[in-house]
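Examining the three-dimensional arrangement
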Amino acid sequence: ILRVPSHFVSVNAASKKDDTNIDIFTRIRSILGLRVGGTKDSCLAALLNGNEDLPNNAQLEFNRKSRFVELKDCVVIFVNMPEKIVENDENSMICLSFPNLWIDGGKL
């Protein structure tokens, strides 16, 4: 498996299909609202689909525990968005999609 460091890959790279550059905003607009899976790899694969900086058999190398991935021309930020927040008996808040307890009204 060929491993390519993320900071060598550009979102604005030419497409493998037709050798034309696709700007970052066009690429982002093409995947807005698209459900691609729950992993950073699947999100980045959708963003970099057809990118000539990343060969088909290559694996993008980045820190899997980080909340962001630095690419050559941008930074991809990963944010967990709660679906529903409810209060429990202890006047704390619980996010049903991510069931970690929020202490002190979400301050801790």
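Structure report, in brief. (Residues numbered from 1 in each chain as written. Predicted model: local features only at pLDDT ≥ 70, side-chain atom pairs only at ≥ 80, totals over all residues. Heavy atoms only, no water.)

Time to look at the nonpolar core. Core analysis: the biggest nonpolar cluster contains 15 residues, and Val9, Leu44, Leu48, Leu54, Leu60 and Leu71 have the highest contact counts within it. For this core, the secondary-structure elements that each account for two or more residues are helix 2 (40–47) and strand 2 (58–61). (Core = buried A, V, L, I, M, F, W, Y, C linked by side-chain atoms within 4.5 Å. Buried < 20%, exposed > 50% of the residue type's maximum accessible area, 1.4 Å probe, protein only. Helix = DSSP H or I, 4+ residues; strand = E, 2+ residues; numbered from the N terminus.)

Inspection of every chain in the model, using the stated rule, returns 0 aromatic pairs. The ring of Phe78 is capped by Lys40, whose NZ or CZ atom sits 5.8 Å from the centre of that ring. Seen from the ring of Phe62, Arg64 lies directly overhead, with NZ or CZ sitting 4.0 Å from the centre. (Phe/Tyr/Trp six-rings, centres within 6.5 Å; stacked < 30°, edge-to-face > 60°. Lys NZ or Arg CZ within 6 Å of the ring centre and 35° of its normal.)

What follows concerns the side chain of Ser66. The topology assignment puts Ser66 in the loop between strand 2 and strand 3 (68–70). Of note is the side chain of Ser66, whose polar atom sits 2.9 Å from the backbone oxygen of Phe68. (Polar contact = N/O pair within 3.5 Å; in protein donor to acceptor, adjacent residues only side chain to side chain.)

This part takes up the pairing of strand 2. Residues Ala58 and Leu60 of strand 2 are buried on one face, while the alternating residues Gln59 and Glu61, pointing to the opposite face, are not. The pairing of strand 1 (residues 2–5) with strand 2 spans 4 bridges and is classified as parallel. Along strand 2, the bridge assignment pairs Leu2 with Ala58. (Pairing = 2+ DSSP bridges.)

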